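Topology and contacts: notes
Below, each chain spelled out in residue letters.
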Amino acid sequence: MSVKVINGQAIPNMPWQDKPADCHEVIWRDNRNPIIPRNLLPTSNSIFNSAVVPFEGKFAGVFRVDDKERNMALHAGFSEDGIHWNINPTRIMFEQAEKSTEEVNQWGYGYDPRVCFIEDRYWVTWCNAYGWKPTIGVGYTYDFKTFYQCENAFLPFNRNGVLFPRKIDGKYVMFSRPSDSGHTPFGDMYISQSPDMKYWGEHRHVMGPLKGWESKKIGAGPIPIETDEGWLCFYHGVLESCNGFVYSFSACILDKEQPWKVKYRCGEYLINPREIYECVGDVQNVTFPCATLCDAETGRIAIYYGCADTCVGLAYTTVDAVVDYVKSHSSI
């Protein structure tokens, strides 16, 4: 490895497939995709846009499961290998972290979760309802069995709440994308900061749409990976075509101590909808990354991404390969 992963961990048992000899892309797909089908649960209409982390030598996650009534909910799951998952058929029932907020901080719905380990617990962020309008829900768990819900981070309307995996200058840091109540025909990435995971401020603009593939809107993806080059961040971008939105994803590198400063930003998408499971489903033409596993010793990266708002795919790259590509194809 020429690029060093900072504050990472060894994950020797993470999912991995070597790059096919005929593949010329910097990211390649698992040939078993989709690894999580839409009907893994008897009650599920779809399972997609979900978060996975290493846990006790194996893997755990929080999954977006839309049921056959089309309710949007979050379910916990466990896996020995990161490929084959046992997902709880019952949604997560959050306990209130502070009982005094129970009346005003009720569960509404849950979708597009991310999971981030910071210090002593796994923080969960998701798109939550407040007054039945979307904002960023915040909760935590220690064991993926009992979950605690905190106050929402922001006012509606907001989506794509993604935490950084450590405090920066003594503050928690979170990406978000201010939005509207519908399908949001706009969207830039912002960073907000908090001393306590409760009060959020010091908002900073990071970046907005730039190239054609992301010309409608962008949003943060998985938890950033800290490297000696900066924060490696995968993010999604949306093109509005004559046949609707097309969701692709790429990567950028941000300054380590001032992460609202963009050092490099890939001008191209790294993956866009091409396979049948990415192009055909409840929402056509979607590749939407929500989680990565990164082995600090080898630099291998496994990317979990939602496909056509229907199922979960898995793709691979390495820190060296993607950092080099982003730097050599930077649009800034």
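In the block above lies the structure referred to throughout.
Throughout what follows, the structure given in this document is the object of discussion. (Residues numbered from 1 in each chain as written. Predicted model: local features only at pLDDT ≥ 70, side-chain atom pairs only at ≥ 80, totals over all residues. Heavy atoms only, no water.)

**Observations concerning the pattern of salt bridges**
To keep it simple, the criterion reads: Throughout this description, the term salt bridge denotes a Lys or Arg side-chain nitrogen within 4 Å of a carboxyl oxygen of Asp or Glu. Counting from the N terminus, the helices are DSSP H or I runs at least four residues long and the strands are E runs at least two residues long.
A complete count under the given rule lists 16 salt bridges for this structure. Here D112 makes a salt bridge to R64, at a shortest N to O gap of 3.1 Å. Separated by 48 residues along the polypeptide, D112 in strand β7 (residues 110–118) and R64 in strand β3 (residues 58–67) bring together distant segments of the chain. Connected via shared salt-bridge partners are R166, E226, K256 and E257.

**Observations concerning the pairing of strand β20 (residues 287–294)**
Which entries qualify depends on this criterion: Note on classification: 1.4 Å probe, protein chains only; a residue is buried when its accessible area is under 20% of the maximum for its type, exposed when over 50%, partly exposed between these limits. In this analysis, strands are considered paired if DSSP registers two or more bridges between them.
The element β20 is extensively covered by neighbouring structure, given that eight of its eight residues are classed as buried. Following β20, the chain reverses through five residues before pairing antiparallel with strand β21 (residues 300–307); G299 in that reversal takes a positive phi of roughly 80°.

**Considerations on the packing of aromatic side chains**
The line we're drawing: For Phe, Tyr and Trp, where Trp contributes only its six-membered ring, two rings pair if their centres lie within 6.5 Å, and the inter-plane angle classes them as stacked under 30 degrees, edge-to-face over 60, or tilted in between.
In this structure the tally under the stated criterion is 27 aromatic pairs. Relative to F78, the ring of F55 lies with its centre 6.2 Å away and its plane at 45°, an arrangement referred to as tilted. Of this pair, F55 sits in strand β2 (residues 44–55) while F78 is found in strand β4 (residues 72–79), placing the two residues 23 residues apart along the sequence. Look at F245 and Y247: their rings are 6.5 Å apart centre to centre, the planes differ by 65°, and that puts the pair in the edge-to-face class.

**Remarks on the sheet that holds strand β22 (residues 311–318)**
What counts is decided by this rule: Every residue pair with non-hydrogen atoms within 4.5 Å of one another is taken to be in contact. All axes are obtained by fitting lines to C-alpha atoms, using only the stretch in contact for helices, and the reported angles, taken between N-to-C directions, cover 0 to 180 degrees.
What the four strands build is an open sheet, ordered β1-β22-β21-β20; its pairing is antiparallel. The sheet is open, and its two borders are formed by β1 (28–29) and β20, each paired with just one other strand. In the sheet, β20 pairs with β21 via seven bridges, with the strands oriented antiparallel. Counterpart to T287 in the pairing with β21 is C307. Across the face of the sheet, helix α2 (residues 319–328) comes into contact with β20, β21 and β22 while running at roughly 85° to β22.

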